Structure formats: C-alpha cells, structure tokens
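# Analysis of the macromolecular model
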Amino acid sequence: MPKIFEGSPLQEGDEREKQRIVITPEDWQQGKRPEGYQKTSELVRMAHRHGLHLRDLFEESFISRQNILVKKAETRGLTEAEADEIVRVSKTVYQTLDEALEHRYTP
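The structure contained in this document is the topic of the report that follows.

About the thresholds
Every chain is numbered independently, its residues counted from 1 as its sequence is written. This being a predicted model, a pLDDT of at least 70 is required before a residue's local features are given, and a value of 80 or more before pairs of side-chain atoms are given or counted; all residues contribute to the totals for chains, interfaces and linings. Side-chain numbers here rest on the full set of heavy atoms in the structure, without hydrogens or water. A pairing counts as a salt bridge when a side-chain nitrogen of Lys or Arg comes within 4 Å of a carboxyl oxygen of Asp or Glu. Secondary structure elements follow DSSP: runs of H or I of four or more residues count as helices, runs of E of two or more count as strands, with numbering from the N terminus. Each residue is placed in one exposure class: buried if its accessible area under a 1.4 Å probe, protein chains only, is under 20% of its type's maximum, exposed if it is over 50%, and partly exposed if it falls in between. A pocket, in this scheme, is an open set of points on a 1 Å grid over the protein atoms alone with protein on both sides within 12 Å along at least 5 of 7 lines, while a cavity is a set where a 1.4 Å probe fits but cannot get out; residues line either one if an atom lies within 4 Å of a point. Grid points are joined across faces, edges and corners, and a volume is the space filled by probe spheres set on the points. The classification used treats Ala, Val, Leu, Ile, Met, Phe, Trp, Tyr, Cys and Pro as nonpolar, Asp, Glu, Lys and Arg as charged, and all other residues, Gly among them, as polar. Here the arc refers to the directions that run from the helix axis out to each C-beta atom. Residue contacts are counted whenever heavy atoms from the two residues lie within 4.5 Å of one another. Side-chain atoms within 4.5 Å link the members of a nonpolar core, which is a set of buried Ala, Val, Leu, Ile, Met, Phe, Trp, Tyr and Cys residues.

### So, the pattern of salt bridges
- If you walk through the whole model with that rule in mind, you get 5 salt bridges.
- One salt bridge in this structure joins Arg 49 and Glu 42, with 3.7 Å as the shortest N-O distance.
- Two residues, Lys 72 and Glu 82, come together in a salt bridge whose shortest N-O distance is 2.8 Å. Here Lys 72 is found in helix α5 (residues 60-75), whereas its partner Glu 82 is found in helix α6 (residues 80-105), with 10 residues between them in sequence. Like Lys 72, the residue Glu 82 is buried in the burial classification.
- A single network of salt bridges, built from pairs that share partners, joins Glu 42, Arg 45 and Arg 49.

Given below as structure tokens:
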C-alpha cells in the first residue's frame with residue numbers, strides 16, 4: 001500500500017477569519033471537535049494491535065503535521081484554517097486505516 005502525503009493549502013476567505021481561534025484548548029479537552037472530524041484514536045489502537053502503524057501508511061511529514069495540529073489544539077487552540085485541515089487529516093487517517101485493516105483481514 002503506498003504511503004500517503006496530503007498537502008495543507010489554506011482555504012480561500014478572509015485572512016483575519018482564518019486567524020480567529022474557533023476551537024479553544026478547553027473545547028478540545030472537553031471533547032469538542034470541528035464539524036466533520038472523525039475520531040481516530042480507537043482505530044489507531046486497533047491497527048497497532050494488528051501490527052499496523054501510521055508510519056507504515058503515511059509519510060513522516062503527514063504524521064508530523066497531524067501531531068502539530070493536535071498539540072496546537074491542546075495548547076493554543078485552532079484557527080478556522082487549522083480546524084479545516086485537522087478535519088481533512090482525520091478523515092484521511094480514518095479512511096486509510098479502515099481500508100488497510102479491511103484489506104489485511106479480508107479473505
């Protein structure tokens with residue numbers, strides 16, 4: 001399975017709006033996520049139990065960006081552009097892991 005890298009271009013729109021924090025650290029700690037975000041923690045744990053790791057499926061730069069976004073959500077909050085990006089990242093991780101697990105364990 002090829003490794004995936006997905007860029008993170010800024011969305012069109014007002015620059016000031018992109019700088020406004022839309023998810024605060026408190027929101028993140030309380031479980032609030034941007035609309036469309038897919039939780040991946042359980043799927044990542046399941047993949048690890050079956051010997052699949054993110055580094056096997058994604059480029060290091062993709063994993064690093066995901067970690068940066070999560071850390072920023074936990075500490076400083078996310079702007080609108082970052083919230084949009086973390087939604088895209090979560091969907092990519094979820095879909096890729098789901099397909100990898102299905103492919104690996106489908107007879």
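### Side note on the layout of surface pockets
- Put simply, the largest pocket is a space of about 220 Å³.
- Around the largest pocket, the lining residues are Trp 28, Arg 33, Tyr 37, Lys 39, Thr 40, Ser 41, Gln 66, Asn 67, Val 70, Ile 86, Val 89 and Ser 90.
- For the lining of the largest pocket, the secondary-structure elements that each account for two or more residues are α5 and α6.
- Among the residues making up the lining of the largest pocket, the classes are represented as 5 nonpolar, 5 polar and 2 charged.

### Comments concerning helix α3 (residues 41-49)
- Of the residues making up α3, those classed as buried are Leu 43, Val 44 and Ala 47. Viewed along the axis of α3, the buried residues span an arc of 100 degrees, placing them on a single side of the element.
- Positive backbone phi, at 80 degrees, marks Gly 51, one or two positions downstream of α3.

### Concerning the side chain of Lys 72
- Given a relative accessible area of 15%, Lys 72 falls into the buried group.
- Contact partners of Lys 72, with chain neighbours within four places excluded, come to Gly 77, Leu 78 and Glu 82.

### Regarding the environment of Leu 97
- Note that Leu 97 resides in helix α6.
- In this structure Leu 97 comes out as buried when scored by relative accessible area, which is 1%.
- Separated by 45 residues in sequence, Leu 97 and Leu 52 place their C-alpha atoms 8.3 Å apart.
- Those residues in contact with Leu 97 that sit more than four places away from it in its chain are Leu 43, Val 44, Ala 47, Leu 54 and Leu 57.

### Considerations on the nonpolar core
- Counting residues in hydrophobic clusters, the biggest one holds 22 residues, and the most contacted among them are Trp 28, Leu 54, Phe 58, Leu 78, Ile 86, Val 93 and Leu 97.
- Put simply, the parts of the chain that give this core at least two residues each are α3, α4 (54-57), α5 and α6.
- Examining the composition of this core, we find that 7 residues originate from one element, α6, more than from any other.

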